[in-house]
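Below, each chain spelled out in residue letters.
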Amino acid sequence: MRKRARDHGLICGSLPTGPLNAITDVAGVAVGHRTIRDGDVNTGFTALLSHGGDLFREKVRAGVEVINGFGKSAGLMQLAELGQIETPILLGNTFAVATGIEALVGRALAANPQIGRETGTVNSLVLECNDGFLSDIRARRLTVEDAEAALDAASGGPVEEGAVGAGTGMSAFGFKGGIGTASRLMELDGRSFTLGVLVQANFGNAGDLVLPDGRRPVPPAKRTAQPPERGSVIIIVATDLPLESRQLTRIARRCGAGLARLGAFWGNGSGDIAIAFSTAGRIAHGERADIVQLAALNENRIDLPFRAAAEATQEAVLNAMLAAPEMVGRDGNRRVSLADCL
């Protein structure tokens, strides 16, 4: 296994990590990958499940922050309006969003015959980054079966990082990017809560990266004239802390602070999106009561999860980059590993 940020002495912030330092430190959260490496095609899907039950019947509260909206994701509008997630989350490349929707709708219909008959439809949540520098995105190789494979592979425990799943063909700050994760522990009312982050890192100009120790590593192939910032980053935050959807949106917004610590400025052509959800207090699809009780964090204590989100985002991106080995992809395009430049 390749070294992570802490193995290189790169410490992001002051809060303690969970046992795995991963989003799966939040009980019930599961992650799975489907990776395709075939000539000029380097791509895949990554699936994230908020719990092991029927996600349509037992929704989770959530919020979304579109840091910069140059993206083609699906399901964000209803998520922002209702503050709920009712399917797994699929990450893929830009031209695979429709494929991801098809897979999630099919899975939801198979599990719930009432959808579209006795009850409403389903809001699939699919997010993307463009892997076209290292992968032939025009080949459109990702299929419904690939999405299903990522969903079926989802499990708790350690999360594979780097050039896997939706991170296979990604780049970050001129280096190889990919999938990364990290977590933080928080003490509130004498209880321990966990916040975890998973990123699909595909953003940042070469030369802009700033490490926690102040170093600014530059990939060997850095050009004199920088191209416009046209990358993207998808950030998924999970926590077992009881929160309302408005609070989750506020926490998602703080992920941008973690990106900024790394040197990102969310360029015009960058799609930077953060989603946060809580596994506490699921929302029953068939709720009969007119008034329901909601446990939520005292707003005066929200600085702690703000800090946790910023720190875990910063570290998750570094973990993604350090776990990804050098790759030569489409048409001989090359990305070196950050780990080889430290």
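Everything that follows concerns the structure shown earlier in this document.
Residues numbered from 1 in each chain as written. Predicted model: local features only at pLDDT ≥ 70, side-chain atom pairs only at ≥ 80, totals over all residues. Heavy atoms only, no water.

(A) Spatial organisation of the overall build of the protein chain. Counting secondary structure elements, the protein chain contains 5 helices and 14 strands. For the protein chain, the spread of C-alpha atoms along the three principal axes comes to 60 × 45 × 35 Å. Taking all 342 residues of the protein chain together, the buried fraction comes to 56%. Contacts in the protein chain between residues at least 24 apart in sequence constitute 79% of all its contacts with a sequence separation of at least 6. Only carbon and sulfur atoms are counted for the fraction: they give 47% of the accessible area of the protein chain, which is about 14100 Å². (Helix = DSSP H or I, 4+ residues; strand = E, 2+ residues; numbered from the N terminus. Buried < 20%, exposed > 50% of the residue type's maximum accessible area, 1.4 Å probe, protein only. Contact = heavy atoms within 4.5 Å. Areas by Shrake-Rupley, 256 points an atom, 1.4 Å probe, with all protein chains shown as cover.)

(B) Focus on the packing of helix α4 (residues 245–261) against helix α5 (residues 303–323). Direction vectors running N to C along α4 and α5 enclose 45°, while the axes themselves pass 7 Å from each other. Overall, the two elements α4 and α5 adopt an arrangement that is oblique. Crossing of α4 over α5 shows right-handed handedness. Together, Arg250, Ile251, Arg254, Cys255, Ala257, Gly258, Leu259 and Arg261 of α4 and Pro305, Phe306, Ala309, Ala310, Glu311, Thr313, Gln314 and Val317 of α5 make up the contact between the two elements. Across the contact of α4 with α5, the residue classes tally to 9 nonpolar, 3 polar and 4 charged. (Axes fitted to C-alpha atoms, helices over the stretch in contact; angles between N-to-C directions. Parallel < 35°, antiparallel > 145°, perpendicular 65-115°, else oblique. Left-handed = near helix turned anticlockwise from the far one by under 90°. Nonpolar A, V, L, I, M, F, W, Y, C, P; charged D, E, K, R; others polar.)

(C) Examining the side chain of Ser183 more closely. Checked against the element boundaries, Ser183 lands in strand β9 (residues 178–188). For Ser183, a relative accessible area of 0% corresponds to the buried category. A polar side-chain atom of Ser183 sits 3.4 Å from the main-chain amide nitrogen of Ala22. A distance of 2.7 Å separates polar atoms of two side chains, one belonging to Ser183 and the other to Asp25. (Polar contact = N/O pair within 3.5 Å; in protein donor to acceptor, adjacent residues only side chain to side chain.)

(D) Main features of the nonpolar core. Core analysis: the largest hydrophobic core is formed by 47 residues, its most contacted members being Phe173, Leu195, Phe203 and Ile235. At the level of secondary structure, the elements contributing two or more residues to this core comprise β9, β10 (191–202), β11 (232–239), α4, β12 (271–284) and α5. With 10 residues, α5 is the single largest residue contributor to this core. In this structure Phe173 touches Phe203, Gly204, Asn205, Ala206, Gly207, Asp208, Leu209, Pro219, Leu262, Gly263, Ala264 and Met321, once residues within four positions along its chain are discounted. Ile23, Val26, Ile234 and Ile236 belong to the second largest nonpolar core, which has 29 residues in total. (Core = buried A, V, L, I, M, F, W, Y, C linked by side-chain atoms within 4.5 Å.)

(E) Summary view of the sheet that holds strand β2 (residues 41–49). One open sheet holds the 4 strands; their spatial order is β1-β2-β5-β6, and the pairing between them is mixed. The open sheet terminates on both sides in strands that have one partner only, identified here as β1 (30–38) and β6 (125–129). Here the strands of the sheet are splayed against their neighbours by 15° on average, with no regard to which way each runs. For β1 and β2, the ladder comprises 9 bridges, and the chain directions are antiparallel. Each bridged residue has a counterpart across the sheet, and for Ile36 the counterpart in β2 is Thr43. Helix α2 (residues 97–111) rests against β2, β5 (89–93) and β6 of the sheet, and its axis sits at about 155° to β6. Strands in contact with helix α3 (residues 144–153) are β1, β2 and β5; relative to β1, the strand with the most contacts, it is inclined by about 140°. (Pairing = 2+ DSSP bridges.)

(F) Fine view of the layout of surface pockets. Here the second largest pocket defines a volume of roughly 270 Å³. Around the second largest pocket, the lining is made up of 14 residues, and of these Met1, Arg2, Val159, Glu160 and Glu161 lie nearest the centre. Tallied by class, the residues present in the lining of the second largest pocket amount to 9 nonpolar, 1 polar and 4 charged. (1 Å grid on protein atoms, 1.4 Å probe; cavity = no way out; pocket = protein on both sides within 12 Å on 5 of 7 lines; lining within 4 Å. Points joined across faces, edges and corners; volume = space filled by probe spheres on them.)

(G) The arrangement of the side chain of Thr43 in detail. Secondary-structure assignment places Thr43 in strand β2. By relative accessible area, Thr43 is classed as buried at 3%. Other than its neighbours up to four places away in sequence, Thr43 contacts Arg34, Thr35, Ile36, Asn93, Asp131, Ser135, Leu142, Gly165 and Thr168.

(H) Representation of the environment of Arg37 in the model. Looking at the secondary structure, you find Arg37 in strand β1. Classification of Arg37 by relative accessible area gives exposed; the value is 51%. For the pair Arg37 and Ser192, spaced 155 residues apart in sequence, the C-alpha to C-alpha distance is 41 Å. Not counting residues up to four positions away in its chain, the partners in contact with Arg37 are Asn42, Thr168 and Met327.

(I) Region of interest: the packing of aromatic side chains. For the structure shown, the criterion picks out 1 aromatic pair. Look at Phe173 and Phe203: their rings are 5.1 Å apart centre to centre, the planes differ by 65°, and that puts the pair in the edge-to-face class. Remark: Phe203 occurs in the loop between β10 and β11 and Phe173 occurs in the loop between β7 (171–172) and β8 (175–176); sequence separation between them is 30 residues. In this pair, the class of Phe173 matches that of Phe203, namely buried. Just above the ring of Phe56 sits the side chain of Lys59; from NZ or CZ to the centre is 4.1 Å. (Phe/Tyr/Trp six-rings, centres within 6.5 Å; stacked < 30°, edge-to-face > 60°. Lys NZ or Arg CZ within 6 Å of the ring centre and 35° of its normal.)

(J) Region of the structure containing α2. A rise of 1.5 Å per residue sets the reference length of α2, with its 15 residues, at 21 Å; its end C-alpha atoms lie 21 Å apart and thus fit the reference within 8%. Here α2 has its buried residues at Val97, Thr99, Gly100, Ala103, Leu104 and Ala108. Buried residues of α2, seen end-on, are gathered within an arc of 165° and therefore sit on one face of the element. α2 presents Ala98, Glu102 and Ala110 as exposed residues on the side facing more than 90 degrees away from its buried surface. (Expected span 1.5 Å × (residues − 1). Arc of directions from axis to C-beta.)

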